[in-house]
Structures are given as C-alpha cells and as structure tokens.
Amino acid sequence: MSVNTAAAVSAPAACDADPACAGPLPVLGRDVTVPLVTGGEVGYAALDYAASAPALQRVWDDVAAYAPYYGSVHRGAGYLSQLSTDLFENSRATVAEFLDCRADDQVVFTRSTTDSLNLLAAALPADCQVFVFETEHHASLLPWSDHRVSYLDAPRTPARAVEILERALAAREPYGPALVCVTGASNVTGELWPVRELAAAAHAHGARIVLDAAQLAPHHPVSVRDLDVDWVAFSGHKLYAPFGSGVLAGRADWLREADPYLAGGGASRTVTRRTDGGVDVEWHTTAARHEAGSPNVIGVYAIASACKALTEAGFENLVAREERLIAAVRAGLAEVPEVRVLSLFGDDAPRVGVISFVVEGWNSSHFAAALSAEYGIGVRDGLFCAHPLVRTLLGSDPQVIGECGAPEAAAPGERSLNAIRVSFGAGTPDEHVERFVRAVKELVRDGAAWSYRTEDGRCVPARD
C-alpha cells in the first residue's frame, strides 16, 4: 500500500555544510500551550523524551492516511483485510531493514521493550544463565527471575564494563546456554555503552546477547550485524511513534523452540480434538508464533513509518544536531555550581540526549514541579525505573526535603533520594533547551515563585 506522507523538512541553505544547525523534525504537540501558576500561558517544552517521545508529524500523517483502510490482519479475504495484512508484513520488512537484521532473523511485534524482553525471558532454555548489569532499566533488569541470574556491579568506565563481564562469564559453569542483557544508552545518564565489545566478550565465552535499544534507537542507527548482537528490543513510543507497539528482533532458534508467549489464534497453525477429549496444537514457527491475537496493525505501521522518517532525515544530521543541544545543556548546567550531573563514565563519555542531575538545596521533585508550573517545561524526577543505578550514582548525597518529599517509591531512609532528568531529541526546538537552562539558573538564584505541597506522591503547586 502506498500512503502519502509529509515531505522531509529541508534545512536552510546556510546550514547545508553544517548538519548540526538543521531544524527539528516536526512533531505533534509543538504548538500546545500550557498555563503557568504565575499567570498567562507558554508553549509547552516537552523535555521528557526518554519516557515517551512526541509522535512525528510524518508518522501521524501516515497513520491517518491508512486509517480508512483499517482491517483485520491475517484473518479475512476482503480487500481491506488483505491490504492491512500486506501493510503489516511490509512493516516487518521495514523494521528489519532499519535494524540491519540478518537474513534469517525474526522480527516479532510486541507491546513495548518491556514486553519484548519478557517474551525473550519466556523463550530462554530452561538451564540458561543470565548476566545483567545492575545499571539496567527495570525492563531489562527484572524479567529473568525464572532463570539463574548474575547481577553485575556498576562499571565506572566502558573498558571496566567489558572486564567485569568477561570475568563473570569466565567463572560460569562451562556448559549450558547463557545470555547477556545490556542497554545501548542509559535511560539515566544517556551514556553510550560499549555494545560491540560486550557482544564480542559474550560470544567468546559461548553466550548470547540481547540489546535494550529503547534509548539508543531513537538517537543513533542500530545495526544488528555491525554490533553483532543476537537480539535487539525497542519501543515505538520512544521512537516518535504513537500507540503501544514494540519490537524484538534477532535469532529465530530459541524463539522457534519455545512455547508461544501467548496461546491463541494467530500463533496456532492447526488445532484438532483428540479422542480423549483434549486438543492437539501445531504452532507456527515464524514470528507469528509469539503474536497471538489480533495484532496492533496501526501501532506496527507507526513504528515502520518512524523508521523510514528517521532514515530519510539522516542519522548523521540528527546526531550532529543533538550533540549540539547536549553541549548547550551541559555547558549551561556547568555554570551553576549547585548542579551536579550524574555520570558513570565521566564527562567525556559519548551520550544521547538524556541528562540527569541534582541541585544542592533542592529536592528534585520540588525542582521538577517548579520547572513545569512556572516555566511550562516537562521533565522527569525520581529514580527513573532504574533504582539500583540512581542509588549508586547518588550514594548518600544529602538532599533537602523542602516543601515536597521524594516519590513514595523511595526506600525507607531515602525520602529525599531522587534526581531530575531532562531528555530531548529530533523534535526538540533550540528554544526549549534555552528556556530550560535559563529556568535552572533562575530557580537556583531566586528560588521558586510559588508554594508547593505533596499530593498523591507528587509535588504540585499549592492552591488556596
């Protein structure tokens, strides 16, 4: 099916030689205004891309163009059903190309990165041993509980990460399958991990490796072949695509040999009654084996559209512009002595547009609330679903409780242990970054202009 889409944005002529000065990609919500507690309205600065990135306008246009042709997938003989089936399978091919998959890899559509990694966990051989750094997001830290899990200490350099993994793998029992799970870019610090080197270490010791690319894929090209990973997982809602869809792509054998992730229609090839009253099932051996039920064709098509849009925009241009924004934020924060940026690998480590920090004299929940209520800036505060990592980075750093405490998820004795995260990407205007830096400086210098209180675990403006 061919769908009309919005044309790619062209940079001004003066930027032809400098991809870093190209403008942001058009996204939904760029014209949304929000009220300020101090009066008036301001354009909303969405700086929480690491949680969910706004949908690209191109993706929304593609989805809107397809919507009238919506039909069931793999289910019907009618034209719209056949059209939707073609769209669904062509989207699978688009994602495989985006990830530079191997010819025999499978692309399985899921609900999210979390769903993808839980699917893989369910497909692991029964005697598989899993190795995962304590620095992982909970989506890649927690799914492996039905297997033997070795949690690895937080490394302080990329080289140390490889060394820790090699030592752990060398000490394991010299038989049985093993899996390494690692992030491509931290959802807390934004730092890039040495995926290629970790993959080489895993394979040298007879282990496989899965890459959590939730924070990497929206910012950098991800090549399964080049990185030599066995699987990669990511989410559409972080890749500028709306709706709840995700991807698990990689080697087919463990997926083919495992029981279906969900039992039901679509995963089954044939079902027959037995004479004893039971049923016999022949399951698919393709990706359909783990895609039971009516698939989210619109969500899948949105992911494919986002993959095409980012590829056509050119990652070289996107990376160059994002690095300029990262440098602007880091330089601005460095001018505020009270701000401490969190890092595992140090200031010079390459990173994506994800930066976490704390402010001396402020509780992070209070600071984030003031950014929202007084400046129209949306950031994240808390432990970012990476509690062990944030606790490692913060240590026993004291923070002031202030008018609002930390989220209720904090452990006893850690009521003030939380941080602020600012994150951005291909759709972020320069003005949003400039406003954020200005707001940080003003809040630290002048304090909040409003009073705040804790309500349902969140810091919110106090109302009369």
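These numbers come from a predicted model, not from an experiment.

### Description of the nonpolar core
And step 1. Grouped together as the largest cluster of nonpolar side chains are 86 residues, with contacts concentrated most on Val95, Leu99, Leu165, Leu211, Val222, Phe234 and Val247.
And step 2. Among the elements that take part in this core, helix 9 (residues 297-313) stands out by supplying 11 residues, more than any other.
And step 3. Sequence-distant contacts of Val95, defined by excluding residues within four places in its chain, comprise Val107, Phe109, Phe234, Val247, Ile303 and Cys307.
And step 4. The next biggest cluster of nonpolar side chains, apart from the first, holds 34 residues, and it includes Ala45, Phe367, Val433 and Val437.

### Section: the sheet that holds strand 8 (residues 208-212)
Neighbouring strands of a sheet are bound in pairs by backbone hydrogen bonds; such pairs are parallel or else antiparallel.
And step 1. In space, the seven strands of this open sheet follow the order 4-10-9-8-7-5-6, with mixed pairing throughout. The sheet is open, and its two borders are formed by strand 4 (106-110) and strand 6 (148-152), each paired with just one other strand. Across the sheet, the mean angle from the axis of one strand to that of its neighbour is 20°, orientation sign disregarded.
And step 2. Of the strand pairs in this sheet, strand 5 (residues 129-133) and strand 7 (residues 178-183) are connected by four bridges, and their pairing is parallel. Bridge pairing links Gln129 to Ala178 in strand 7.
And step 3. This element, helix 3 (residues 113-123), spans strand 4, strand 7, strand 8, strand 9 (231-235) and strand 10 (246-250) of the sheet and lies at about 150° to strand 9.
And step 4. Its contacts with the sheet place helix 6 (residues 195-204) against strand 5, strand 7 and strand 8, and it is angled at close to 155° to strand 8.

### What to know about the pairing of strand 17 (residues 419-423)
And step 1. In terms of burial, strand 17 is a largely internal element, five of the five residues being buried.
And step 2. Residues Ala419, Arg421 and Ser423 point to one face of strand 17 and Ile420 and Val422 to the other, with burial holding for every one of them.
And step 3. Across four bridges, the pairing between strand 14 (residues 354-359) and strand 17 is antiparallel. The partner of Ser356 across the bridge, within strand 17, is Arg421.
And step 4. Examined bridge by bridge, strand 16 (residues 380-382) and strand 17 share three bridges and lie antiparallel to one another. Across the sheet, the residue bridging to Arg380 is Arg421, located in strand 17.

### Some details on the pairing of strand 14
And step 1. Most of strand 14 sits inside the fold, with six of its six residues counted as buried.
And step 2. Side chains Val354, Ser356 and Val358 of strand 14 all project onto a buried face; the interleaved residues Ile355, Phe357 and Val359 project onto the opposite face, where all are buried too.
And step 3. Direction of pairing for strand 13 (residues 339-341) relative to strand 14: antiparallel, over a ladder of three bridges. Each residue of the ladder has a partner; that of Arg340, found in strand 14, is Val358.

### Quick look at the packing of aromatic side chains
And step 1. This model, assessed by the stated rule, comprises 11 aromatic pairs.
And step 2. Note on Phe357 and Phe367: the rings are 6.4 Å apart at their centroids and 90° apart in plane angle, and the pair reads as edge-to-face. In this pair, Phe357 sits in strand 14 while Phe367 sits in helix 11 (residues 364-375), placing the two residues 10 residues apart along the sequence.
And step 3. Among the residues examined, Phe367 registers a relative accessible area of 0% and is labelled buried.
And step 4. The ring of Trp254 is capped by Arg208, whose NZ or CZ atom sits 4.3 Å from the centre of that ring.

### Description of helix 2 (residues 79-98)
And step 1. Over its 20 residues, helix 2 runs 28 Å from end to end, which matches the ideal 28 Å to within 8%, given 1.5 Å per residue.
And step 2. Along helix 2, the residues that are buried comprise Ser81, Leu83, Ser84, Thr85, Leu87, Phe88, Ser91, Arg92, Thr94, Val95 and Phe98.
And step 3. With its phi angle positive at about 55°, Asp100 sits one or two positions after the end of helix 2.

### Focus: the pattern of salt bridges
And step 1. One pass over the full model with this rule turns up 24 salt bridges.
And step 2. Between Arg102 and Asp105 there is a salt bridge, with its nearest N and O atoms 3.1 Å apart. Here Arg102 and Asp105 have matching classes, each one buried.
And step 3. It is possible to trace a salt-bridge network through shared partners that takes in Arg58, Asp62 and Glu312.

Definitions and limits used
Residues numbered from 1 in each chain as written. Predicted model: local features only at pLDDT ≥ 70, side-chain atom pairs only at ≥ 80, totals over all residues. Heavy atoms only, no water. Core = buried A, V, L, I, M, F, W, Y, C linked by side-chain atoms within 4.5 Å. Buried < 20%, exposed > 50% of the residue type's maximum accessible area, 1.4 Å probe, protein only. Helix = DSSP H or I, 4+ residues; strand = E, 2+ residues; numbered from the N terminus. Contact = heavy atoms within 4.5 Å. Pairing = 2+ DSSP bridges. Axes fitted to C-alpha atoms, helices over the stretch in contact; angles between N-to-C directions. Phe/Tyr/Trp six-rings, centres within 6.5 Å; stacked < 30°, edge-to-face > 60°. Lys NZ or Arg CZ within 6 Å of the ring centre and 35° of its normal. Expected span 1.5 Å × (residues − 1). Salt bridge = Lys/Arg side-chain N within 4 Å of Asp/Glu carboxyl O.

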